[in-house]
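# Report on the structure
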Amino acid sequence: MIGFIGAGSIGGAVITGMVKNGYDAKNIIVKGGHSNRTKLLCDQLGFQMVKKVKQLEETDVIFIAVGANALDSVLKELKEIAADKLIVAFTGGASITHLKQFLGDVKVAHAIPNTPVKVGAGFTGIAYSNNFTDEDKKKIESVLGYTGQVVEVPENQLGILGTVAGCSPAFLDLFIEALSDAGVKHGLNRKLAYDAAIGMAIGASKLAKQSEMNVSALKDEVTSPGGSTIRGVAALEEYGFRNAVIKAVDAAENK
Ligand SMILES: NC(=O)c1ccc[n+]([C@@H]2O[C@H](COP(=O)([O-])OP(=O)(O)OC[C@H]3O[C@@H](n4cnc5c(N)ncnc54)[C@H](OP(=O)(O)O)[C@@H]3O)[C@@H](O)[C@H]2O)c1
């Protein structure tokens with residue numbers, strides 16, 4: 001049995017991704033907040049809902065998906081039942097040290113999923129406490145695997161990984177919107193412009209993932225001498241595209 005504390009944007013996205021990709025909702029128990037968000041999701045997906053953290057007693061893995069403001073009070077309640085469980089917090093700032101301060105020497109992990117988990121195409125970075133065994137990690141990775149890729153990293157790289165994989169869906173959305181605006185400017189209707197931009201982003205990402213070549217070689221392949229694509233690439237460089245992306249990550253990292 002898998003437990004969740006909090007089913008807002010990211011908790012809800014992970015649960016949705018799991019269930020839509022074949023994880024049995026009957027094996028998920030969720031303790032939600034005060035609004036009816038969890039109930040609405042429950043009506044769609046059919047997991048069990050409980051009112052108190054201690055009702056998650058029968059689970060062996062618990063994901064904490066509350067915001068930082070609710071974390072410590074949740075951890076205080078969780079301490080009672082945490083001893084034999086694997087605890088994974090998605091909450092920003094839920095360092096392993098912080099989790100252990102409240103829960104004692106139990107098995108804790110800090111993970112940062114991104115929103116594409118909702119459609120099974122997520123990327124989750126995770127850092128484990130030293131007492132996680134390989135078997136424990138396999139268990140977590142098999143559960144989160146329903147939502148996409150799961151990659152273990154040292155805890156000091158989790159923040160930047162979370163920015164590169166977790167903030168960037170919004171950056172890509174902006175790129176898709178801008179590309180679609182350009183299509184409309186040059187005469188495409190809006191729907192077709194969005195379909196083309198989104199279809200391109202999916203296809204180019206798939207190609208980049210599956211190709212033996214790195215992305216700059218893929219770019220070289222489509223830039224014929226004196227052609228339209230290299231003129232577009234040069235314009236992107238002229239207007240600081242690469243630097244804008246690096247600055248966006250800098251800004252996300254430096255609060
Ligand atoms: N959104 C992302 O892409 C993302 C990605 C990775 C990590 N994170 C981190 O995950 C955390 C949550 O983010 P979010 O965007 O999912 O926030 P959110 O949409 O506000 O969701 C938090 C949920 O926690 C619930 N909650 C609050 N107190 C609770 C309690 N005592 N027991 C059970 N549930 C409780 C809230 O319930 P109500 O609905 O009743 O208020 C809400 O649904 C943040 O620390 C964020 O940094 C977010």
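Just above sits the structure.
Residues numbered from 1 in each chain as written. Predicted model: local features only at pLDDT ≥ 70, side-chain atom pairs only at ≥ 80, totals over all residues. Heavy atoms only, no water.

Bringing the overall build of the protein chain into the picture now. Within the protein chain, the secondary structure is distributed over 10 helices and 8 strands. The buried share of the protein chain, reckoned over its 255 residues, is 37%. For the protein chain, the exposed surface amounts to about 14,400 Å²; the carbon and sulfur share of it is 56%. Placing the 27 positive and 27 negative side-chain charges of the protein chain at their respective mean positions leaves the two points 5 Å apart. (Helix = DSSP H or I, 4+ residues; strand = E, 2+ residues; numbered from the N terminus. Buried < 20%, exposed > 50% of the residue type's maximum accessible area, 1.4 Å probe, protein only. Areas by Shrake-Rupley, 256 points an atom, 1.4 Å probe, with all protein chains shown as cover. Lys, Arg positive; Asp, Glu negative; His and termini not counted. Charge placed at Lys NZ, Arg CZ, Asp CG, Glu CD.)

This part covers the site of the ligand. Ser9, Ile10, His34, Ser35 and Gly92 are the nearest of the 24 residues found near the ligand. Between the ligand and Arg37 there is a distance of 3.1 Å, counted from an oxygen atom to a side-chain nitrogen or oxygen. Considering the ligand on its own, with 900 Å² of exposed area, one finds that the protein chains cover 71% of that surface. Only helix H1 (9–20) and helix H3 (68–78) provide two or more residues apiece to the shell around the ligand. (Near = heavy atom within 4 Å. Polar contact = N/O pair within 3.5 Å; in protein donor to acceptor, adjacent residues only side chain to side chain.)

Considering all chains together, one arrives at 5 aromatic pairs under this definition. Look at Tyr23 and Tyr146: their rings are 5.2 Å apart centre to centre, the planes differ by 85 degrees, and that puts the pair in the edge-to-face class. Placement of Tyr23 in the loop between H1 and strand E2 (28–31) and of Tyr146 in the loop between helix H5 (134–144) and strand E8 (148–152) is noted, with a sequence separation of 123 residues between them. In this structure Tyr23 comes out as buried when scored by relative accessible area, which is 15%. Using a relative accessible area of 31% as the deciding quantity, one classes Tyr146 as partly exposed. Ring centres of Phe175 and Phe241 lie 5.9 Å apart, and the angle between their planes is 50 degrees; on these two criteria the pair is classed as tilted. Within this pair, whereas Phe175 is found in helix H6 (residues 158–185), its partner Phe241 is found in helix H10 (residues 241–253), the two being separated by 66 residues in sequence. When its relative accessible area of 30% is taken as the criterion, Phe175 is described as partly exposed. Judged by relative accessible area, Phe241 falls into the partly exposed class, the value being 37%. Clustering of aromatic rings is evident, with ring pairs tying together Phe4, Phe63 and Phe90. (Phe/Tyr/Trp six-rings, centres within 6.5 Å; stacked < 30°, edge-to-face > 60°.)

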